[in-house]
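Reading the structure
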Number of protein chains: 2
Amino acid sequence: MNADARRSLARLVRAARVASLGTLRWGAPNVSMVAYMPAHDFATFWLRLSRLAWHTHDLAADARVSLAICETDDGREDPQTLARVTLRGEAVEIAAADPDTEALKRTWLERFPASAVTFELADFAFWRVVPRDARFVAGLGRTYNLSAAELSRAADESP
Amino acid sequence: MNADARRSLARLVRAARVASLGTLRWGAPNVSMVAYMPAHDFATFWLRLSRLAWHTHDLAADARVSLAICETDDGREDPQTLARVTLRGEAVEIAAADPDTEALKRTWLERFPASAVTFELADFAFWRVVPRDARFVAGLGRTYNLSAAELSRAADESP
């Protein structure tokens, strides 16, 4: 993947705020919308999930996830040219007592001010998705399979 | 679900053109972007997939899918208020010789003119996703679990 493609990928990951989370629900696929926050190096993607949500039940049974981020559909003639990336990995819940939580809360609230209420409710927690690999479709016929290290290299292109 | 919620759901399904398709890839979740076309009664959602694509390999092994349609992120303060719906069901490939294919091709090309090339390539086919049920999140805290019949009722609200 060349520098242009890496820049496209970094722009995509940084421009979007919501992603499609794929989980396993009694062995079948389940997709739901989640807000996300990427770490600067794209080595972690943070989610804030409610224990009442279906996807959180799913994750309690099987930590494997797929997280897809898609460029906003701007009504162009061919939607297949929209850039999108799918990360695959595992999701791990972060304990409220974790020392990282305070800093995480600050950056999360900067990104999602309306989520302040979730810090007053006991059923919400941060989750860490660590990508094992990624599949980036830069546009029609331009598909790249990336290791986690290659995904992190893309993060360097557009700090 | 009242008439207002049914109208919101119908608007969402009719306004979007791309969805997130959840499939099983060697038993793990896989999410990818697909263009879709709903039938008038929302009893079928049409996809046009390439046999070369990962999701198509996944479907050959397990027909179960989750198809999530999300309102376009307009940059509002709280992305959790975006409307979204997840359909669950099975995907079935339509044979090229199927008598429905000609009519389907016409409506598909009206919706996706740039996909004309896919009708010259042997590796593309129509797939039918028949929703068994749906989960509609109209906004924060307004979630509806719908049968296929209730999903079809929403289609009546906004022809």
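Below is a summary of the structure that appears in this document. (Residues numbered from 1 in each chain as written. Chains lettered and ligands numbered in written order. Predicted model: local features only at pLDDT ≥ 70, side-chain atom pairs only at ≥ 80, totals over all residues. Heavy atoms only, no water.)

Some remarks on the overall build of chain A
From N to C terminus, chain A includes four helices and seven strands. Moving toward the C terminus, one meets the helices and strands of chain A in the order α-β-β-β-α-β-β-α-β-β-α. A compact globule built from 159 residues should have a C-alpha radius of gyration of about 15 Å, and chain A, at 16 Å, falls within 12% of that. Summarising its shape, the C-alpha atoms of chain A cover approximately 45 × 35 × 30 Å along the three principal directions. The burial tally for chain A puts 51% of its 159 residues in the buried class. Sequence-distant contacts in chain A: of pairs separated by 6 or more residues, those separated by 24 or more amount to 65%. Surface summary for chain A: the accessible area is close to 7,300 Å², and the carbon and sulfur share equals 54%. Taking the average location of the 20 positive side-chain charges in chain A and that of its 21 negative ones, the two points are 2 Å from each other. (Helix = DSSP H or I, 4+ residues; strand = E, 2+ residues; numbered from the N terminus. Rg over C-alpha atoms; globule rule 2.2 N^0.38 Å. Buried < 20%, exposed > 50% of the residue type's maximum accessible area, 1.4 Å probe, protein only. Contact = heavy atoms within 4.5 Å. Areas by Shrake-Rupley, 256 points an atom, 1.4 Å probe, with all protein chains shown as cover. Lys, Arg positive; Asp, Glu negative; His and termini not counted. Charge placed at Lys NZ, Arg CZ, Asp CG, Glu CD.)

Points about the relation of the copies chain B and chain A
Between chain B and chain A, which share one sequence, the superposing operator has a rotation angle of 180° and an axial displacement of 0.0 Å; the RMSD is 0.0 Å. Taken together, the turn and the small shift mark the pair as related by a two-fold rotation axis. Here 100% of the interface residues in chain B have copies in chain A that are interface residues too; the copies meet face to matching face. (Least-squares fit on C-alpha atoms with pLDDT ≥ 70 in both.)

Quick word on the pairing of strand 4 (residues 64-70) of chain A
Residue and element names in this part refer to chain A. The element strand 4 is largely enclosed, with a buried count of five among its seven residues. Direction of pairing for strand 1 (residues 18-25) relative to strand 4: antiparallel, over a ladder of three bridges. Across the sheet, residue Gly22 finds its bridge partner in strand 4, namely Ser66. Where strand 4 lies against strand 5 (residues 84-93), seven bridges are found, and the strand directions are antiparallel. Bridging across to strand 5, Cys70 finds its partner in Arg84. (Pairing = 2+ DSSP bridges.)

Examining the interface of chain B and chain A
If you look at the interface, chain B gives 40 residues, while chain A gives 40 residues. Summed over both sides, the interface of chain B with chain A buries roughly 3,300 Å², with 60% coming from carbon and sulfur. Summed over the three residues of chain B that lose the most area to chain A, namely Arg17, Pro29 and Met33 of chain B, the buried surface amounts to 21% of that side. Measuring nitrogen to oxygen at the nearest pair gives 2.8 Å for the salt bridge that ties Asp73 of chain B to Arg17 of chain A. Our enumeration of links across chain B and chain A arrives at 11 residue pairs in polar contact (both at pLDDT 80 or more). (Buried area = accessible area lost by both parts, 1.4 Å probe. Salt bridge = Lys/Arg side-chain N within 4 Å of Asp/Glu carboxyl O. Polar contact = N/O pair within 3.5 Å; in protein donor to acceptor, adjacent residues only side chain to side chain.)

A short note on the pairing of strand 6 (residues 124-139) of chain B
Residues in a regular strand project their side chains so that they alternate between the two faces of the sheet. Residue and element names in this part refer to chain B. Summarising the sheet, strand 3 (residues 45-50) and strand 6 pair through six bridges and their orientation is antiparallel. Along strand 6, the bridge assignment pairs Arg48 with Phe126. Of the pairings in the sheet, the one linking strand 5 (residues 84-93) to strand 6 comprises 10 bridges and is antiparallel in character. Along strand 6, the bridge assignment pairs Val92 with Arg128. Hairpin remark: strand 6 followed by strand 7 (residues 142-147), antiparallel, with two residues in the connecting loop; positive phi at Gly141, about 75°.

Section: the side chain of Thr118 of chain A
All names here are of chain A. Inspection of the secondary structure puts Thr118 in the loop between helix 3 (101-111) and strand 6 (124-139). By relative accessible area, which is 10% here, Thr118 ends up buried. Reaching out from Thr118, the side chain makes a polar contact with the side chain of Arg48 at a distance of 2.8 Å. At a separation of 2.7 Å, a polar atom in the side chain of Thr118 contacts the main-chain carbonyl oxygen of Ser115. Ignoring sequence-local partners within four residues, the contact set of Thr118 consists of Arg48 and Phe124.

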